[in-house]
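Here are the chains, one letter per residue:
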Amino acid sequence: MLRFFSWLVSCAMLVLLTSCSDFDNEFTVRSANSTVEVYTDGTAFVAEQFDIAVKMATNYGGVYVDIPQRFTDAAAGVHWRDFKLAAARRDGQDEYYSREHNVPGYSIYIGAEHCKNCSANLPTGLTKIQIAYWLGRLVRQEGDREILFLPAYMGRVHGQGAKKTLTLKLPPGGTLRPSQQDRAAAYDIRQSAPNEILVSIAAGKGDRVLPDIEIEYPAGTFVTVTSGKRIQWWLSDHFLPFISILGVLIAGLFVLTRWQGWRLPASSIAIDGKETESISPALAAYLFWNWKPGAAKAAFMASVCHLATKRMLRISSLGEDAEASDLSARQLRKKGKVARARWYGLPAVTRSVFGRIEGERPANDRRTVIYALHGFQRDLQQIVADEYRKMRGGVDRTALMISAAILALGIAVAAFSGLLIYSAAICGILFILLIVVTIFRHPERFPVATGTSEQFKQAATLFVTLPAMVIAAVSYIGTTEVISEQRPYLVAILLHIAGIIAVLATMRMPTSKQRQIRNNILDLKRYISGEINGPAMSVECYEHYLPFAIALEIEQRWTERFNLWRESEKMDAYTPDWRGSS
């Protein structure tokens, strides 16, 4: 838990760093010059230089260069260009860099490293940021022609529309497509040499929306693409959409499967008596009455009857006015191993009910059992709930594994779409809101500190740290632009978060074993009522199911069936030794 809080605090600090920086005030991009050399294997080597003016002594320490990878073909299909970084320099020297994924491509940070003991500021004045990289997948086939298509911009810094020039060095035999001639309003293209084109983009142009530069070549100019390469391209094109959908599908299928499995099975025609041996009559009462407060009395009286039929005490009647006497379990627990095994073979809740009755003050060696229920309802339900919880078979590892898988997919989507910090800010807000709601709904889970320093830390966390983290996260979300290409993936990330919540919510649903027990209780009620078959009636059968009949509040019907059986068997009057006179 401490590790999770430290991760949350780190995310909040990162949010503060990124949201507080103002690139427009700290930097100005004077110009950008790119040289693109295209090879006949369909790749290009790009060398770029950005003239950056650092205006403030205290600044972010570096700049982000956005590299375009995403493009749309003639059939409106979305694809990805291959990218490989070759070098990152500042003022001619190798510089620290880091890479971040984004939907349009990569964002390469070039500048000072942000660490605990590092100076994160660039010196004021003019500095040159240089980057070199390979771009691939630049050729497509159209009929008997091959089309070389290049983005009108290569790298750009923070979206600032500085003046930009591109020098394209091309294989011979290419012809600028006629449609390009009508795009002078977007950028200026002219032939500067036989196999060289110069592209000029005026300051202030929206780089990302500029159309690609397309040049026609005869078929066979470029190397034929192998089938293996086409498969690799197809996988890269569909990777991000696939993982965006996969997590949501996994969550939906898992929740649907759990809900389908929770439905009651077809009605039984007989009951298996062995199924009731693993549960207590008190649990049967709570399950049948769906854990309502009124189930406590039925569970308590069923446990009293259970003690009586197991010869741990004698009761005067089965009603609320019953009195208990001859509490033989007190002597039984002091006897040998077999006797103790008989005592500890009883369910924990039944033994607890005996303890409550035993603690009551007797009158003429009799105790009114209903008095023992006063003040015991909460403890009774907790003991029964512990019994029910043990039937889950431990932690629901399947739900935890599914949640972890969806979380991993959500993190991957956020990382590859450039929304990792944005998503962390959203999750941080949701998590803090969950903490606050839990504090108000279940204050017992958050005990108040005793010492003065501990109370101060607790108050600082609740009234300073958590609100500051929420403010930082909201500030980052409000000041960070989510571009149009990122919006579908942001929706996918939010659906992943909802999927995790839905999967974890199923952990509160009964497991298959618990559902089977609940279904057995319903079948037991039908058996006791005479609607389905089951064990043959006998004195032992009557006494075994009598506590369950009390739990289900149908003991009168069960006793009527027993009396009819006695008459049919011409049995003498039934006088059990666990019943005493009033």
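Remember, it's a predicted structure, so these values are computed and weren't measured experimentally.

A tally of regular secondary structure across the chain gives 16 helices and 21 strands. Sequence-distant contacts, at least 24 apart, represent 74% of the contacts inside the chain between residues at least 6 apart. Accessible surface for the chain amounts to roughly 31,000 Å². Of this, 57% is attributable to carbon and sulfur atoms.

Where helix H11 (residues 420-441) meets helix H12 (residues 452-479), the closest approach of the two axes is 9 Å, and the angle between their N-to-C directions is 145 degrees. In terms of crossing hand, the pair formed by H11 and H12 is left-handed. For the pair formed by H11 and H12, the contact residues are Ile 421, Tyr 422, Ala 425, Ile 426, Ile 429, Ile 432 and Ile 439 on the first element and Leu 462, Leu 466, Met 469, Val 470, Ala 473, Val 474, Tyr 476 and Ile 477 on the second.

Here we come to the sheet that holds strand S8 (residues 97-101). Strand order in the open sheet formed by 4 strands is S8-S9-S3-S13, with antiparallel pairing between adjacent strands. Each of the sheet's edge strands pairs with one partner strand only, and the pair in question is S8 and strand S13 (156-157). Of the strand pairs in this sheet, strand S3 (residues 62-68) and strand S9 (residues 105-111) are connected by 7 bridges, and their pairing is antiparallel. In the strand pairing of S9, Asp 66 is matched with Ser 107.

This part covers helix H15 (residues 539-551). For H15, built from 13 residues, the straight-helix expectation of 18 Å at 1.5 Å per residue is met to within 8% by its first-to-last C-alpha distance of 19 Å. Taken as a whole, H15 carries its principal kink of about 35 degrees at Tyr 545; the proline Pro 547 stands between one and four residues after it. Within H15, 10 of the 13 residues are buried, which leaves the element mostly enclosed by the surrounding structure. Considered for burial, the residues of H15 that qualify are Cys 541, Tyr 542, Glu 543, Tyr 545, Leu 546, Pro 547, Phe 548, Ala 549, Ile 550 and Ala 551. Buried positions along H15 lie against helix H4 (281-288), helix H5 (295-309), helix H14 (512-528) and helix H16 (555-568).

Let us now look at the pairing of S3. Looking along a regular strand, one sees the side chains alternate between the two faces of the sheet. For S3, a buried count of 7 out of 7 residues is recorded, marking the element as mostly surrounded by other parts of the structure. By the alternation rule, side chains of S3 split into Gly 62, Tyr 64, Asp 66 and Pro 68 and Val 63, Val 65 and Ile 67, which are all buried. Pairing of S3 with S13, which is carried by 2 bridges, proceeds in the antiparallel orientation. Opposite Asp 66, over in S13, you have Arg 156 as the bridge partner.

Let us now look at the side chain of Gln 514. Residue placement: Gln 514 occurs in helix H14. Excluding residues within four positions of it along the chain, Gln 514 makes contact with Tyr 388, Arg 389, Met 391, Arg 392 and Met 509.

Of the residues in the chain, 87% reach a pLDDT of 70 or more, and the chain-wide mean stands at 84. With pLDDT under 50 throughout, residues 1-20 is counted as low confidence; its partners more than four residues away or in other chains account for 25 contacts.

This part takes up a nonpolar patch on the surface. On the surface, a cluster of nonpolar side chains totalling about 350 Å² of accessible area is made up of Ile 231, Trp 234 and Leu 235. As for its placement among the helices and strands, Trp 234 is situated in helix H3 (residues 227-261).

Here the focus is the environment of Ala 459. Among the secondary structure elements, Ala 459 is positioned in helix H12. According to the relative accessible area criterion, Ala 459 is partly exposed, its value standing at 31%. Remark: the alpha-carbon pair of Ala 459 and Val 448, spanning 11 residues in sequence, is separated by 9.9 Å.

With that settled, consider the packing of helix H8 (residues 348-359) against helix H9 (residues 377-390). Close contact between H8 and H9 brings their axes to 9 Å; oriented N to C, the two are set at 160 degrees. It follows from the interaxial angle that H8 and H9 lie roughly antiparallel. For H8 against H9, the interelement crossing comes out right-handed. Seen from H8, the contacting residues are Ala 348, Val 349, Ser 352 and Val 353; seen from H9, they are Leu 380, Ile 383, Val 384 and Glu 387. Looking at the contact of H8 with H9 residue by residue, the classes come out as 6 nonpolar, 1 polar and 1 charged.

Before going further, it helps to spend a moment on the nonpolar core. Ranked by internal contacts, the top residues of the largest apolar core, which has 59 residues, are Phe 300, Leu 313, Ile 357, Leu 380, Ile 528 and Trp 558. Where this core is concerned, the elements lending two or more residues are H4, H5, H8, H9, H14, H15 and H16. Residue contributions to this core peak at 11 residues, all from H5. Non-local contacts of Ile 528, meaning those with residues more than four positions away in its chain, are made with Tyr 545, Phe 548, Ala 549, Leu 552, Ile 554, Arg 557, Trp 558 and Arg 561. Val 36, Phe 50, Ala 152 and Ile 213 belong to the second largest nonpolar core, which has 49 residues in total.

Here we take up the pattern of salt bridges. When charged atoms on two side chains of opposite charge get close, those side chains can pair. In this structure the tally under the stated criterion is 23 salt bridges. The partner of Asp 66 in a salt bridge is Arg 156, and the shortest N-O contact between them spans 3.9 Å. In this pair, Asp 66 sits in strand S3 while Arg 156 sits in strand S13, placing the two residues 90 residues apart along the sequence. Of the two residues examined, Asp 66 and Arg 156, each falls in the buried class. When salt bridges that share partners are traced, they join Arg 140, Glu 142, Arg 145, Arg 177, Glu 214 and Glu 216 into one network.

This part is about the packing of aromatic side chains. Applying the stated criterion across every chain, the model contains 27 aromatic pairs. Aromatic pair Tyr 545 and Phe 548: ring centres 6.5 Å apart, planes at 55 degrees, arrangement tilted. In this pair, Tyr 545 and Phe 548 both sit in helix H15, 3 residues apart, roughly one turn of the helix. For the pair Tyr 545 and Phe 548, one class covers both residues: buried. Here a set of aromatic residues connected by ring pairs shows up, and it is made of Tyr 527, Tyr 542, Tyr 545, Phe 548, Trp 558, Phe 562, Trp 565 and Tyr 574. Over the ring of Tyr 153 we find Arg 156, and its NZ or CZ is 5.8 Å from the ring centre.

What counts and what doesn't
Residues numbered from 1 in each chain as written. Predicted model: local features only at pLDDT ≥ 70, side-chain atom pairs only at ≥ 80, totals over all residues. Heavy atoms only, no water. Helix = DSSP H or I, 4+ residues; strand = E, 2+ residues; numbered from the N terminus. Contact = heavy atoms within 4.5 Å. Areas by Shrake-Rupley, 256 points an atom, 1.4 Å probe, with all protein chains shown as cover. Axes fitted to C-alpha atoms, helices over the stretch in contact; angles between N-to-C directions. Left-handed = near helix turned anticlockwise from the far one by under 90°. Pairing = 2+ DSSP bridges. Expected span 1.5 Å × (residues − 1). Bend = angle between axes of the 7 residues up to and from the residue. Buried < 20%, exposed > 50% of the residue type's maximum accessible area, 1.4 Å probe, protein only. pLDDT = per-residue confidence, 0-100. Patch = residues over 30% accessible without salt bridge, like charges linked within 9 Å, V, L, I, M, F, W, Y side chains within 5 Å. Salt bridge = Lys/Arg side-chain N within 4 Å of Asp/Glu carboxyl O. Parallel < 35°, antiparallel > 145°, perpendicular 65-115°, else oblique. Nonpolar A, V, L, I, M, F, W, Y, C, P; charged D, E, K, R; others polar. Core = buried A, V, L, I, M, F, W, Y, C linked by side-chain atoms within 4.5 Å. Phe/Tyr/Trp six-rings, centres within 6.5 Å; stacked < 30°, edge-to-face > 60°. Lys NZ or Arg CZ within 6 Å of the ring centre and 35° of its normal.

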